[in-house]
Every structure is written in structure tokens, then in C-alpha cells.
Amino acid sequence: MTEQTAARRDMANAIRALAMDAVQQADSGHPGMPMGMADVATVLFTKFLKFDPSEPHWPDRDRFILSAGHGSMLLYALLHLTGYADMTLDELKQFRQLGSRTAGHPEYGHASGIETTTGPLGQGLGNSVGFALAERLLAERFGRDVVDHYTYVIVRRRLPDGRHRPGGDHPGRPSRARPPDRAVRRQRHLDRRADLAQSTSEDHKKRFAAAGWHVQAVDGLDPDAVTRAIRKARNVTDKPSLIACKTVIGYGAPTKAGTAATHGSPLGKDEVAGARQKLGWNYPPFDIPEPIFSAWRKIGARGKVGAAQMGQAPCRHGRGRSRRVRPPPEGRHPAGRRRGDHGLQGQGRGREAQLGHAQVEPGGARGHQSGAARHGGRLGRPHRLEQHQDRDAQGR
């Protein structure tokens with residue numbers, strides 16, 4: 001194993017550790033999805049995502065949406081590790097507690113970096129299409145020197161659900177008003193799935209191919225394979241793209257990995273201790289070693305140059321330079337609820353999630369409006385990365 005590969009593995013394991021520690025302390029939550037998707041998320045954030053935690057409302061940032069909101073610790077861990085100021089370690093320790101920023105499902109306005117509320121299953125996939133479409137329209141109006149970004153979405157893996165179909169069908173459907181290959185060609189979906197044999201016999205890859213998507217299948221636990229797949233998808237300009245990633249739900253758990261026991265409940269103290277041993281993570285709960293923590297913070301600091309350049313970019317339509325989006329009042333939900341009014345989240349019994357990404361808005365999100373109205377965003381070709389979680393839990 002090379003030094004670079006070992007460092008990347010440690011960065012992914014930091015996500016896994018924070019997820020299982022927070023869920024264990026809360027005695028509630030879903031550790032399986034974050035543990036299974038940690039490698040994919042690490043590739044996405046370290047190699048592709050354009051963002052700046054110090055400027056969370058930078059209009060031309062890439063958007064990352066967690067449609068699989070039950071796996072919210074994946075997002076919260078990433079926000080903390082990359083340096084979003086209001087996602088502190090104390091907030092992670094208060095996961096799913098009344099009044100905390102770390103609700104059971106991500107809620108817009110509770111913390112920077114949460115692009116939209118994703119409680120209802122399938123909502124994020126539909127939102128991503130709206131994000132991307134708005135970005136595309138704004139890019140045509142203001143130019144690529146001002147609007148040029150993507151949106152990435154993790155979507156739950158159970159695709160036959162009707163709530164996903166409009167979002168999946170729209171990008172590849174012919175349209176007289178606007179050619180879909182232009183409307184969605186830079187949307188990317190990274191979709192994770194558990195053992196579909198337990199819920200459906202439908203071949204989702206074929207269904208999305210029939211709907212006009214470009215489809216790939218890769219090993220979601222192989223960062224190099226995920227990297228190649230995303231790069232290949234970026235070169236497909238005439239259709240949306242689905243990347244199916246085969247992973248293990250609860251990867252690293254010694255006896256529960258690959259089972260429903262990692263979904264909807266904490267692993268248990270013995271299983272957490274065993275996961276630490278199996279992953280080679282010999283650190284106390286919530287403790288991230290300085291070299292690993294610094295590596296993540298460097299990723300977060302990487303976007304500062306882009307944000308600074310964007311602030312100087314001239315606006316081709318209208319006067320002056322691009323304006324900064326005003327965030328919602330601190331501590332308040334966009335619809336008027338105070339942070340914390342969400343209460344404790346219940347333990348859903350659904351399976352896992354899908355990850356996708358699309359290009360989006362230069363404007364800030366608004367939690368309860370429709371996708372296109374709420375988010376300015378360019379719809380590029382959708383790339384969806386599916387994660388199959390029916391692998392042997394004992395090996396990669």
C-alpha cells in the first residue's frame with residue numbers, strides 16, 4: 001500500500017469513526033450508510049468538489065446534497081473535517097439531540113454547508129434536477145465566467161420508489177423546449193444501494209439506461225475505480241450519467257457489516273470496538289489524529305483561491321460584480337422555525353441511499369421552495385453513482 005493510498009484510507013476511516021461514535025453516543029441513528037459511503041465521499045470531496053468552508057455562500061460553489069438524509073452523519077462529519085465553523089466537534093457529540101445543529105436528517109439553515117432539507121425520501125434527487133436546471137439557465141444568462149459549477153447528490157438506493165422516478169426520468173427525456181443533453185449534461189448522481197434482492201428484482205441500471213442515462217458500474221470501495229468513473233462521466237456531454245458503486249453497508253463492522261443491523265440503530269459498544277480494530281483506527285471516540293485532521297482541513301482550504309477569484313469576476317449582464325448571497329438569520333429555519341424545533345428524529349427502517357451530483361445555482365438555497373425556483377443551478381449531464389451493499393462484509 002502506497003503512502004498516498006494509506007492517507008486516503010485514513011481520511012475515509014475518520015468519517016466512519018465519527019459516524020459510529022456519534023450514533024453510538026446518541027443511541028439512535030444510521031451508521032451503515034456513512035460507513036459504506038466513506039470512500040466515495042472522500043474521493044468526491046478531495047478530488048472533485050469545489051467549495052470553501054470559510055465562504056459557505058460562495059455563489060459558484062459546487063453543491064453537495066444528501067438525499068439519503070437518514071445517513072446525515074456522513075454530511076456532518078464532512079462539514080466538520082473540512083472546516084465549516086459552525087459544525088464543531090461538540091455539535092457532532094450532540095447528534096440527534098434537541099436544539100442541536102445535527103438533526104437526524106439535514107435541515108437547511110441549521111448549519112452552513114447544508115444545501116437543502118432532505119427529510120422525505122427521494123426529495124434530494126428531485127431537488128438536484130432543479131438545482132442543475134437553474135444553474136444552466138443562469139449560466140446562459142450571465143455566462144460561464146460567473147456561473148460554472150456542479151451539484152452532487154447522495155440518493156437512497158431503493159430506486160423503484162415512485163418519488164425517485166420524476167427526478168430520474170426528467171434528465172434523459174426528450175424535450176421540445178430544451179434539449180435534455182444541454183439541460184442536464186453536468187448533473188452527477190452517485191447512488192448507493194444495499195441488497196436489492198430484499199426489496200425489488202428491478203434492474204435499475206437498465207431502467208436508467210432506457211431513460212437515456214449513461215450508466216457505469218464500479219467497486220465503490222475502490223477509490224481509484226470511483227475516480228475513473230467520475231472522470232469518464234464528466235466526458236459524457238450528451239446525456240445524464242449513472243455510476244453504480246458496489247459497497248458494504250456498515251463497512252468495517254466485524255459481525256454486522258453487510259446486514260440490516262447497521263441501519264437504524266447504533267452498532268453497540270462491542271461492535272464499535274471491533275470495528276476500530278478491524279479498520280486499524282486505534283483512537284478514542286471522537287478523536288481524529290492531527291495528521292488526518294490536517295489533511296482534511298487542507299482540502300477545505302483549497303477552495304479559497306476560487307472563491308476569491310469569483311469575487312472579482314465581472315458580471316456580463318447588469319452592473320458591477322457578482323453579489324454575495326445573504327444567508328438566513330442565524331439560528332432560524334428558512335420557514336421561520338427556530339433551530340432545534342425539529343425535535344428528535346425517529347429511526348426509519350428503510351435501507352440505504354444513493355449518491356448523485358448535479359451542477360447548480362449561484363444563489364443560496366431556500367428550504368421549502370421548488371428546486372428550480374429555490375436554487376440557481378446549471379443542469380449538466382447527470383452522473384449517478386450507485387452503491388450496491390450486498391458484498392461480503394469481510395473483504396473488499
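The residue numbering used here restarts from 1 in each chain and proceeds along that chain's sequence as written. At least 70 in pLDDT is required for a residue's local features to be given in this predicted model, at least 80 for side-chain atom pairs to be given and counted, and no such filter applies to totals for whole chains, interfaces and linings, which use all residues. Excluded from the side-chain calculations are hydrogens and water; all other atoms, namely the structure's heavy atoms, are used.

Description of the overall build of the chain
Each helix and strand in the chain was counted, giving 13 helices and 7 strands. Looking at the chain residue by residue over its 396 residues, the buried ones come to 60%. Helix and strand assignments come from DSSP, with helices taken as H or I runs of at least 4 residues and strands as E runs of at least 2, each series counted from the N terminus. Partly exposed residues are those whose accessible area sits between 20% and 50% of the maximum for their type, while under 20% is buried and over 50% is exposed, using a 1.4 Å probe and protein chains only.

Re the environment of valine 248
Position of valine 248 relative to the elements: it lies in the loop between strand S5 (241–246) and helix H10 (269–279). The spacing of valine 248 and methionine 35 is 213 residues in sequence and 8.3 Å in space, taken between C-alpha atoms.

Digging into the packing of aromatic side chains
For this analysis, a ring pair means two rings from Phe, Tyr or Trp (six-membered ring only for Trp) whose centres lie within 6.5 Å, classed as stacked if their planes differ by under 30 degrees, edge-to-face if by over 60, and tilted for the remaining angles. Scanning all chains against the criterion turns up 7 aromatic pairs. Relative to phenylalanine 95, the ring of tyrosine 76 has its centre 6.3 Å away and its plane inclined at 65 degrees; by these criteria the two rings are edge-to-face. Of this pair, tyrosine 76 sits in helix H3 (residues 72–82) while phenylalanine 95 sits in the loop between helix H4 (89–93) and helix H5 (123–142), placing them 19 residues apart in sequence. Summarising the burial analysis for this pair, tyrosine 76 and phenylalanine 95 share the class buried. For the ring pair phenylalanine 208 and tryptophan 213, a centre distance of 4.9 Å and an interplane angle of 90 degrees mean the geometry is edge-to-face. Looking at tryptophan 213, the relative accessible area reads 2%, which means it is buried. Of the aromatic side chains, those joined through ring pairs into one cluster are Phe45, Phe51, Phe64 and Tyr84.

Description of empty space enclosed by the protein
If a probe the size of a water molecule is rolled over the atoms, the empty space left behind becomes visible. Here a cavity denotes a set of grid points, spaced 1 Å apart and computed over the protein atoms alone, in which a 1.4 Å probe fits but from which it cannot get out, and a pocket denotes an open set meeting protein on both sides within 12 Å along at least five of seven lines; residues with an atom within 4 Å of a point are reported as lining. Grid points are joined across faces, edges and corners, and a volume is the space filled by probe spheres set on the points. Throughout the structure, instances matching the rule amount to 2 cavities of 30 Å³ or more. In this structure, the largest cavity spans a volume of roughly 90 Å³. Looking at the largest cavity, the residues that line it are Phe45, Leu49, Phe51, Arg61, Asp62, Arg63, Phe64, Leu75, Leu79, Tyr84, Gly113 and Glu115. Of all elements in the fold, only strand S1 (63–66) and H3 reach the threshold of two or more residues within the lining of the largest cavity. Looking at the lining of the largest cavity, its residues break down into 7 nonpolar, 1 polar and 4 charged. Each residue is assigned to one class: nonpolar for Ala, Val, Leu, Ile, Met, Phe, Trp, Tyr, Cys and Pro, charged for Asp, Glu, Lys and Arg, and polar for all the others, Gly among them.

Some thoughts on the pairing of strand S4 (residues 214–219)
Of the two faces of S4, the one holding His214, Gln216 and Val218 is buried and the one holding Val215, Ala217 and Asp219 is not buried anywhere. In the sheet, S4 pairs with S5 via 6 bridges, with the strands oriented parallel. Following the sheet pairing, histidine 214 is matched in S5 by serine 241. Handedness of a crossover is defined as follows: with both strands directed away from the viewer, a clockwise route from the first strand across the helix to the second makes it right-handed. Traced from S4 through helix H9 (residues 223–234) to S5, the parallel crossover comes out right-handed. Pairing between strands is defined by DSSP: at least two bridges between the two strands are required.

Side note on the pattern of salt bridges
By definition here, a salt bridge exists when the distance from a side-chain nitrogen of Lys or Arg to a carboxyl oxygen of Asp or Glu is within 4 Å. All told, the structure shown has 10 salt bridges when counted by the stated rule. Between arginine 8 and aspartate 224 there is a salt bridge whose closest N-O contact spans 3.1 Å. In this pair, arginine 8 sits in helix H1 (residues 3–26) while aspartate 224 sits in helix H9, placing the two residues 216 residues apart along the sequence. Judged by its relative accessible area of 35%, aspartate 224 is partly exposed. Across the pair glutamate 140 and arginine 136 runs a salt bridge, and its minimum N-O distance is 3.3 Å. Of the two residues, glutamate 140 and arginine 136 both sit in helix H5, 4 residues apart, roughly one turn of that helix. Among the charged side chains, a salt-bridge network with shared partners connects Asp86, Glu91 and Arg101.

Section: the nonpolar core
The criterion is simple. A nonpolar core is a set of buried Ala, Val, Leu, Ile, Met, Phe, Trp, Tyr and Cys residues joined through side-chain atoms within 4.5 Å. Counting 68 residues, the largest nonpolar core has Phe64, Met73, Leu74 and Trp296 as its most contacted members. Formed by 5 residues, the second largest nonpolar core is a distinct cluster that contains Ile65, Phe131, Val153 and Val155.

Brief notes about the pairing of strand S2 (residues 151–155)
Burial within S2 is extensive, with 5 of its 5 residues counted as buried. Neither face of S2 is left uncovered, since the one carrying Thr151, Val153 and Val155 and the one carrying Tyr152 and Ile154 both have all their residues buried. With 4 bridges connecting them, S1 and S2 associate as parallel partners. Within the sheet, the bridge partner assigned to isoleucine 65 lies in S2 and is valine 153.

Here we look at the environment of proline 120
Residue position: proline 120 is located in the loop between H4 and H5. Exposure remark for proline 120: the relative accessible area of 49% places this residue in the partly exposed category.

Re unusual backbone geometry
In the Ramachandran plot, aspartate 27 falls in the positive-phi region, its phi being about 60 degrees despite a non-glycine side chain. You can see aspartate 27 is positioned in the loop between H1 and helix H2 (32–48).

A closer look at H3
Burial analysis of H3 places 11 of its 11 residues in the buried class, which makes it a mostly covered element. Where H3 is buried, its residues contact H1, H2, S1, H4, S2 and helix H11 (290–301). A positive backbone phi angle near 110 degrees is found at glycine 83, which sits one or two residues after H3. Throughout, a contact is declared for two residues whenever any of their heavy atoms are within 4.5 Å.

Quick look at the confidence of the model for the chain
A score from 0 to 100, pLDDT tells how confident the predictor is in each residue. Per-residue pLDDT for the chain averages 75, and the proportion of residues at 70 or more is 66%. Within the chain, helix H7 (residues 180–183) has the poorest average pLDDT of any element, 30, and H4 the best, 98. Considering only residues more than four positions removed or in separate chains, one finds that residues 191–197, a stretch of pLDDT under 50, has 51 contacts. Every residue in residues 330–384 scores below 50 in pLDDT, and together they form 303 contacts with partners more than four places removed in sequence or on other chains.

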